[in-house]
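A closer look at the structure
Chain by chain, the residues run as shown.
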Amino acid sequence: MTVTVTETASDAATPARAQAHAPLPSLAARARSIGGSPVRDILAVTARPEVINFAGGLPAPELFDAEGIAAAYRDVLAEAPARALQYSTTEGEPVLRAALAARTSARGLDTGADDILVTTGSQQALSLLATALLEPGDTVLVESPCYLAAIQAFGFAGARVVAVPGDEDGIDPGALEELVVRERPKLLYTVPTFQNPTGRTMPAARRAAVAEVAGRCGLWIVEDDPYGELRFEGERLPWIASYEGARDRTVLLGSFSKVMAPGLRLGWLRAPAELRRACAVAKQAADLHTPTVNQLAAARYLADRDLDAHVARVAAVYGTRRDAMLAGLADALPAGSVWTRPEGGMFLWARLPEGYDTTALLPGVVRHDVAYVPGAPFHAGEPDRATLRLCFVTQTPDEIAEGLRRLGEGLREGLGQGLREA
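A short note on the overall build of the chain
For the chain, the helix and strand inventory stands at 15 helices and 15 strands. Dimensions of the chain, computed from C-alpha atoms along their principal axes, come out at roughly 100 × 60 × 50 Å. Of the roughly 18900 Å² that the chain leaves accessible, carbon and sulfur atoms contribute 55%. Averaging the positions of the 42 positive and the 52 negative side-chain charges in the chain gives two centres separated by 2 Å.

In structure tokens form, the structure reads like this:
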């Protein structure tokens, strides 16, 4: 018997439909509108070992207490492997939260373990706060200039980021109040101690005034303090969170990245209960919890080692490196340049004379095997293109001197070619 198969129009169209390659749905608007970090882009370009890199915000790796941290991991994995390798609670390991609370209380801000949420680096804390506090279109106030990754985090949440005018002491409280009244922002973000990128520190009177504005006008304050323990000179200042007007509305962020090791990815936030719970829910959706073994190792390190003594040794070295950079800046930068003199932290901020464009000058400087970060990306509003950030902690004093020599050559060459602001 012969069977004849008749192809219908529908059958004939099936292969064509199967072969069609439809376009994919587009990325979310926030992913299309927020660019990557210019700092990361610069580091990728300047990764060659011969480059003296003043661009990154990297702690000096030779100062890590690798032996102490390794011992903490060995002890935790030997004594409690099942716990260390298991899932943990979103809020963080109780032993670490208790240790962090004790350190915070000892520094003048009464804190219990339940006030702390452990995060995967303090950068995650910014993302969690943005999720918990911000709706698209909400206004966030920031310093000018401001930590670049904070601008990114708030922008990614759809917020409108507005810079508060300030001076060498940081935010102007009068300008802050005017903006709060006019813009009705959700929060103010500040790094009051050894600020990134400028290295400046907000004086106590200015902190009290900012706290008073927040209390009277109704404003959350996010106080980021990743560098505060790295003080070379002067006296420690109280957190904004410790002032009466701000205690119920300030989120304090901390991190082990600059004082222990950034590879641990351990940060934390201290926040009022309702906001802290909202951040915990956001963290559940993000990563469930920060790695258990890292938390337990950090807690063990705090129990067995003297972190304060380690930080004091690191700060002493960093102070020497800051001095080396300060000593060479006058010869490296054009006449008429000005720069900050930080009392601690990792960065200083320089401004070339009016009209110079540090973004345009950078490629020529990199050809001299040295790098900095142009200042423009750190501005939420109109950028100051004559500014730049220098990190002084990653290189030795001799390397800093050589790097500044190269920087001076590169800038002079670029300026001779007329690379100024258009």
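A few points about empty space enclosed by the protein
The final tally for this structure, using the stated rule, is two cavities of 30 Å³ or more. Space inside the largest cavity adds up to approximately 210 Å³. In terms of lining, the largest cavity is formed by 17 residues, of which the most central are Asp225, Glu229, Trp239, Gly254 and Trp268. The dominant element in the lining of the largest cavity, judged by the number of residues it contributes, is strand β9 (residues 250–255), at four residues. Split into classes, the residues belonging to the lining of the largest cavity amount to nine nonpolar, four polar and four charged.

Re the sheet that holds strand β3 (residues 139–142)
Here seven strands make up an open sheet; going across it, the order is β2-β10-β9-β8-β7-β3-β4 and the pairing mixed. A strand with exactly one partner marks an edge of an open sheet, and here the two such strands are β2 (116–119) and β4 (160–163). Put simply, the sheet's adjacent strands are angled 20 degrees from each other on average, direction ignored. Bridging between β9 and strand β10 (residues 267–270) involves four bridges; their strand directions are antiparallel. From the neighbouring strand, Gly254 faces β10, where its bridge partner is Trp268. Contacts from helix α6 (residues 94–106) reach β2, β9 and β10, with the element oriented near 115 degrees to β2. Packed on one face of the sheet, helix α9 (residues 173–183) meets β3, β4 and β7 (187–190) and runs near 175 degrees to β3.

The rules behind these values
- Residues numbered from 1 in each chain as written.
- Predicted model: local features only at pLDDT ≥ 70, side-chain atom pairs only at ≥ 80, totals over all residues.
- Heavy atoms only, no water.
- Helix = DSSP H or I, 4+ residues; strand = E, 2+ residues; numbered from the N terminus.
- Areas by Shrake-Rupley, 256 points an atom, 1.4 Å probe, with all protein chains shown as cover.
- Lys, Arg positive; Asp, Glu negative; His and termini not counted.
- Charge placed at Lys NZ, Arg CZ, Asp CG, Glu CD.
- 1 Å grid on protein atoms, 1.4 Å probe; cavity = no way out; pocket = protein on both sides within 12 Å on 5 of 7 lines; lining within 4 Å.
- Points joined across faces, edges and corners; volume = space filled by probe spheres on them.
- Nonpolar A, V, L, I, M, F, W, Y, C, P; charged D, E, K, R; others polar.
- Pairing = 2+ DSSP bridges.
- Axes fitted to C-alpha atoms, helices over the stretch in contact; angles between N-to-C directions.
- Contact = heavy atoms within 4.5 Å.

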